[in-house]
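Here is what each chain is made of, one letter per residue.
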Amino acid sequence: MRTDRFLLLGGLAAAAAGCGRSEKAPERPMNILYIMTDDHTAQTMSCYDGRYASTPHLDRIAAEGVRFTNSFVANSLSGPSRACMLTGKHSHKNGYTDNTSCAPFDAAQTTFPKLLQRAGYETAVVGKWHLGSLPTGFDHWEVVPGQGDYYNPDFIRPTGDTVRCEGYLTDIVTDKSIAWLRERRDPAKPFCLLVHHKAQHRIWMADTCHLALYEDRDFPLPETFFDDYAGRPAAAAQEMSIASDHDMDPVYDLKMWYPGVESRLSRSYEGMIGRMNPEQRAAWDRFYGPLAEEFYRTNPQGRERAQWKFNRYMRDYLKTLRSLDDNVGRLLDYLDASGLAENTLVVYTSDQGFYMGEHGWFDKRFMYEESMRTPLVVRMPGGVRGDIDALVQNIDYAPTFLELAGAEVPDAMQGASLLPLLRGERPADWRRSLYYHFYEYPAEHMVKRHYGVRTDRWKLIRFYDDIDHWELYDLQEDPHELRNLYGRPEYAARQRELEEELVRLQRLYDDRTGLAMNRLGGAE
Ligand code: SGN
Ligand code: CA
C-alpha cells in the first residue's frame, strides 16, 4: 500500500541525495536491508521464471517494488562478487579477483559499510562472508568460516572465537538477523544489515523437514542440455557437467552414499553429514538411504543417467530454496510487525546466477547468460513499481546505498547509483554496455579466463591464458548462445564496434590486464 508518508519519504531521500527537490532535512535516512543468497539463479525465482519453483516471499519484494530484468555481475564467483558489491569496483581494482589464488580481500580499503558508518549508520553482516579476511566496517558481524556448513554451522565472532550453532544455517542466519534488529542494534541510528545466506550453494543440503518436497516431480531438461559446444572450445573444456560423474559426483553432490561405494569426493560428503546430530542424521539416512540403494541397483547409464542426475540435482536445489524463501518471508514479516518496513529499503539478490542444466551444466563462472545474470528485486518506500530493464551490475549497489544515505560517492567507485531508476527516472547517459572479467583458472570446474562486453543485444567474449578464442553472440536471435558469430564476414562491422566498445570499457575501468591482453591479441 502506498501512503503519503511513503511518498514524503521518497522526496526526503531525494533531498538527502542532493537532488534539491525539498528544502526540508530528512526525518531519518532510510534503513537498508540487503539480502544476498549464494548461487540463486533467476531461472528458479518465480517472478522471473515460473517453470520450476514458486518463491512467493521473494516475489513479494518485486510485487511491492521493482524487478530488474537486466541485472548482472562483473565476475561470476562468490568472493569476487562480494568484493565488487562492497567496493563498487571491478575485480582488478578491489584486488579480489578469485576465490583461491589471490591475496585475502584487503580489508583496509574503502567499502560502502565503512562510509555508511561515517554517515551515521549502524552496520551489520550475518552469514557467508568468504573473502579470506575478516569483516571491517561493521558494528556487528557473525559470519561463517569459508563456505560455511548447512547443518549445525560454526560462526566466527568479532571476539575471535568460533561457536557452533545447532540447527539449519538458513534458519540460523535469519534468527541472528532478526535478533540483531530486535534486540541489539541502536534504535537511534539508521541501520544497514547485510543478510548473506549460504543456500543454495553446492551441495544443496535441504533441511530435514523439506526432504520430501519435489520428489513427485520430474523436470523437463533444458533444450541445451545435450549441447555439443560446437564453435566454443572453452565451453567444451569445462568440468561442470551434470552428466559427468567426475564433475557431478553421485555420492557427494547427489548424496548417493552407500556402504562399499567410494568416490573422489566421498570423504568430503562424510565430513558434511558428520556434522549432523543423531536426529538429523536419522532423518537424512531414512530419506537418502533407499534412494541410494535403488540407484546402485538399477545403475542407469548414458542419457538416462544424466537425466536422473539432473532431476536429483533440481529437487535438492529447490528444497534448499524453499527454506530460503520461507526465511525471507520471516524477515519481511518482522519488518512489517516492527513498523520498520515503512522506512527500509529491501534488496534481494544473489552473488551470481547458476546453471540449472543449461548447456548440460551446474555451477557458474562463464559470461554466458545464466551465470552472468543475477536476480535483483528492490522495494523502496516511495519508489516506483514494475520492471526496470536498464543494464545494471553488482558494482552499482555501493553507490546506491551511499546516495540513499546522503553520503558522498567516492570518484574511485565504478558503479552507478540505481536510485534514479528506483525513483522512476531513466538518466539519458545510463550505461549502454557492461564489462565482465573472470580470472579463476586453472581451478575447480576449469572455466578458462575471459573478459567481454555485453550490450542489450550483443555479447563479445575473449577467452585467454592457455587459449586465445573470441565469441560473438546475437542474444536476440540466439538467446541460448549456441552460434558463435565471431569472424563471420556479415558481422564484421558489428564485431569491430564491439571490440572498440570492449577497449573503451577497459580504458574506462582501467583494466590493464585486459588492455595488455588485447594488445597481444591485436584487438587494438
Ligand atoms: C566450492 C565448490 C565449487 C564452486 C566453488 C565456488 N565446490 O569450491 O563447486 O564452484 O565453491 O563457489 S565444493 O565441493 O566445495 O562445494 S562460490 O559460490 O563460493 O564462488
Ligand atoms: Ca556463489
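Sequence order sets the numbering: in each chain, residues are counted from 1 along the sequence as written. To label them, take the chains in the order written and letter them from A, then take the ligands in the order written and number them from 1. Only residues with pLDDT of 70 or above have their local features reported here, since the model is predicted, and side-chain atom pairs are shown and tallied only from 80 upward, although totals for entire chains, interfaces and linings are computed over all residues. Side-chain measures here rest on the full set of heavy atoms in the structure, leaving out hydrogens and waters.

1. Quick word on the overall build of the protein
Then, in step 1: Secondary structure elements follow DSSP: runs of H or I of four or more residues count as helices, runs of E of two or more count as strands, with numbering from the N terminus. Within the protein one finds 15 helices and 16 strands.
Then, in step 2: For 524 residues, the compact-globule estimate of 2.2 N^0.38 gives 24 Å, and the C-alpha radius of gyration of the protein, at 23 Å, lies within 12% of that figure.
Then, in step 3: Dimensions of the protein along its principal axes, counting C-alpha atoms only, are 75 × 65 × 40 Å.
Then, in step 4: Of the contacts formed within the protein by residues at least 6 apart in sequence, a portion of 68% connects residues at least 24 apart.
Then, in step 5: In this tally Asp and Glu are treated as negative and Lys and Arg as positive; neither His nor the chain ends contributes. Lys charges are placed at NZ, Arg charges at CZ, Asp charges at CG and Glu charges at CD. Treating the 63 positive side-chain charges of the protein as one cloud and the 78 negative ones as another, the clouds have centres 2 Å apart. The globule rule used for comparison is 2.2 Å times the number of residues to the exponent 0.38, while the radius of gyration itself is calculated over C-alpha atoms. By definition, residues are in contact when any of their heavy atoms lie within 4.5 Å.

2. Examining the environment of Trp458
Then, in step 1: Relative to the elements of secondary structure, Trp458 occurs in strand β15 (residues 458-463).
Then, in step 2: Sequence spacing of Trp458 and Leu472 is 14 residues, and the spatial spacing of their C-alpha atoms is 7.3 Å.
Then, in step 3: Aside from chain neighbours lying at most four places away, what touches Trp458 is Val453, Leu472, Tyr473, Asp474, Leu475, Leu485, Tyr491, Arg494 and Leu498.

3. Here we look at the site of ligand 1
Then, in step 1: In the vicinity of ligand 1 lie 18 residues, with Ser78, Tyr252, Asp363, Glu444 and His445 positioned nearest.
Then, in step 2: With respect to ligand 1, the side chain of Asp39 contributes an N or O atom lying 3.3 Å from an oxygen atom.
Then, in step 3: Each accessible area is a Shrake-Rupley result for a 1.4 Å probe, and residues are judged covered by the shown protein chains and nothing else. Protein coverage of the free-state accessible area of ligand 1, which is 450 Å², stands at 86%.
Then, in step 4: Tallied by class, residues from the shell around ligand 1 come to two nonpolar, seven polar and nine charged. Residue proximity to a molecule or strand is established when one non-hydrogen atom of the residue lies within 4 Å of it. Here a polar contact is taken to be a pair of N or O atoms separated by no more than 3.5 Å, where protein atoms must pair a possible hydrogen donor with a possible acceptor and residues adjacent in sequence count only if both atoms sit in side chains. Throughout, the ten residues Ala, Val, Leu, Ile, Met, Phe, Trp, Tyr, Cys and Pro are labelled nonpolar, Asp, Glu, Lys and Arg are labelled charged, and all others, Gly among them, are labelled polar.

4. What about the coordination of the calcium ion (ligand 2)?
Then, in step 1: Looking at the metal site, the calcium ion (ligand 2) is ligated by Asp38 (OD), Asp39 (OD), Asp351 (OD), Asp351 (OD) and Gln352 (OE1), spaced 2.1 to 2.7 Å from it.
Then, in step 2: For the calcium ion (ligand 2), the six donor atoms are set out with angles of 52 to 170° between them, so the coordination reads as irregular.
Then, in step 3: The donor set comprises N, O and S atoms within 2.8 Å of the metal, extended to 3.2 Å for Na, K and Ca; water molecules are omitted, so apparent gaps in a site may simply reflect that omission. In primary-sequence terms, the residues that donate to the calcium ion (ligand 2) follow D-D-x311-D-Q. Grouping residues by exposure puts Asp351 and Gln352 together as buried. By the criteria applied here, four donors are tetrahedral when all angles lie between 85 and 135 degrees, four are square planar and six octahedral when opposite donors are over 155 degrees apart and every other angle lies between 65 and 115, and any other arrangement is irregular. Burial here depends on accessible area, computed with a 1.4 Å probe over protein chains only, as a share of the maximum for the residue type. Under 20% is buried, over 50% is exposed, and the range in between is partly exposed.

5. With respect to the confidence of the model for the protein
Then, in step 1: Averaged over the protein, the pLDDT score is 94; the fraction of residues at 70 or greater is 94%.
Then, in step 2: Helix α1 (residues 4-16) is the least confidently modelled element of the protein, averaging 34 in pLDDT, while strand β3 (residues 71-72) averages 99, the highest of any element.
Then, in step 3: Across residues 1-23, where pLDDT falls below 50, the model places 38 contacts with residues more than four positions away in sequence or in other chains. Confidence of the predictor in every single residue is expressed as pLDDT, which spans 0 to 100.

6. Here we look at the packing of aromatic side chains
Then, in step 1: In this scheme Phe, Tyr and Trp rings, the latter by its six-membered ring, pair at centre separations within 6.5 Å, and the angle between planes marks the pair as stacked below 30 degrees, edge-to-face above 60, and tilted otherwise. Under the criterion given, the structure shown has 36 aromatic pairs.
Then, in step 2: Summarising the aromatic geometry, the rings of Phe295 and Tyr296 are spaced 5.0 Å apart at their centres and angled 65° between planes, so their arrangement reads as edge-to-face.
Then, in step 3: Overall, Phe295 belongs to the buried group, its relative accessible area being 2%.
Then, in step 4: Exposure remark for Tyr296: the relative accessible area of 25% places this residue in the partly exposed category.
Then, in step 5: Consider the rings of Tyr313 and Phe362, whose centres lie 6.4 Å apart with planes at 65°: the pair is edge-to-face.

7. Some details on the pattern of salt bridges
Then, in step 1: For salt bridges, the criterion is a side-chain nitrogen of Lys or Arg within 4 Å of an Asp or Glu carboxyl oxygen. According to the stated counting rule, one finds 49 salt bridges in the structure shown.
Then, in step 2: The closest approach of N and O atoms between Glu293 and Arg297, which form a salt bridge, is 3.9 Å. Residue Glu293 and its partner Arg297 are located together in helix α9 (residues 278-298), separated by four residues, close to a single helical turn.
Then, in step 3: Owing to a relative accessible area of 36%, Glu293 belongs among the partly exposed residues under this scheme.
Then, in step 4: Residue classification places Arg297 among the exposed residues on the basis of a relative accessible area of 58%.
Then, in step 5: Where salt bridges share partners, they join Asp39, Asp363, Lys364, Arg365 and Glu440 into one cluster.

8. Section: the packing of helix α2 (residues 56-63) against helix α10 (residues 302-338)
Then, in step 1: Where α2 meets α10, the closest approach of the two axes is 7 Å, and the angle between their N-to-C directions is 50°. It follows that α2 is oblique to α10 by the angle criterion. Contact residues: Pro56, His57, Leu58, Arg60 and Ile61 in α2; Leu324, Asp325, Asp326, Val328, Gly329, Leu332, Asp333 and Asp336 in α10.
Then, in step 2: Looking at the contact of α2 with α10, its residues break down into six nonpolar, two polar and five charged. For every element, the axis is a line fit to its C-alpha atoms; helices are fit only across the contacting stretch, and the angle between N-to-C directions ranges from 0 to 180 degrees. Under this scheme an angle from 65 to 115 degrees is roughly perpendicular, one under 35 degrees roughly parallel, and one over 145 degrees roughly antiparallel; angles in between are oblique.

9. Looking at the sheet that holds strand β14 (residues 450-454)
Then, in step 1: Between any two strands, at least two bridges found by DSSP are needed for them to pair. Reading across the sheet, the four strands line up as β13-β14-β15-β16 and stay open at both edges, with antiparallel pairing between neighbours. Only two strands of the sheet have a single neighbouring strand rather than two, namely β13 (434-438) and β16 (469-474). Between one strand axis and the next, the sheet turns by 15° as a mean value, whatever way the strands run.
Then, in step 2: Pairing between β15 and β16: six bridges, direction antiparallel. Bridge pairing in β16 links Arg462 to Trp470.
Then, in step 3: Sitting on the sheet, helix α14 (residues 492-508) is in contact with β13, β14, β15 and β16, with an inclination near 110° to β14.

10. Here's the deal with the pairing of strand β8 (residues 191-196)
Then, in step 1: Most of β8 sits out of view: six of its six residues are buried.
Then, in step 2: Neither face of β8 is open: one carries Phe191, Leu193 and Val195, the other Cys192, Leu194 and His196, and all of them are buried.
Then, in step 3: Alignment of strand β1 (residues 31-37) against β8, held across five bridges, turns out to be parallel. Bridge pairing links Leu33 to Leu193 in β8.
Then, in step 4: Bridging between strand β4 (residues 122-128) and β8 involves six bridges; their strand directions are parallel. Paired with Thr123 across the bridge in β8 is Cys192.

11. As for the side chain of Thr87
Then, in step 1: By secondary structure assignment, the location of Thr87 is in helix α3 (residues 78-87).
Then, in step 2: A distance of 2.7 Å separates a polar atom in the side chain of Thr87 from the backbone oxygen of Ala83.

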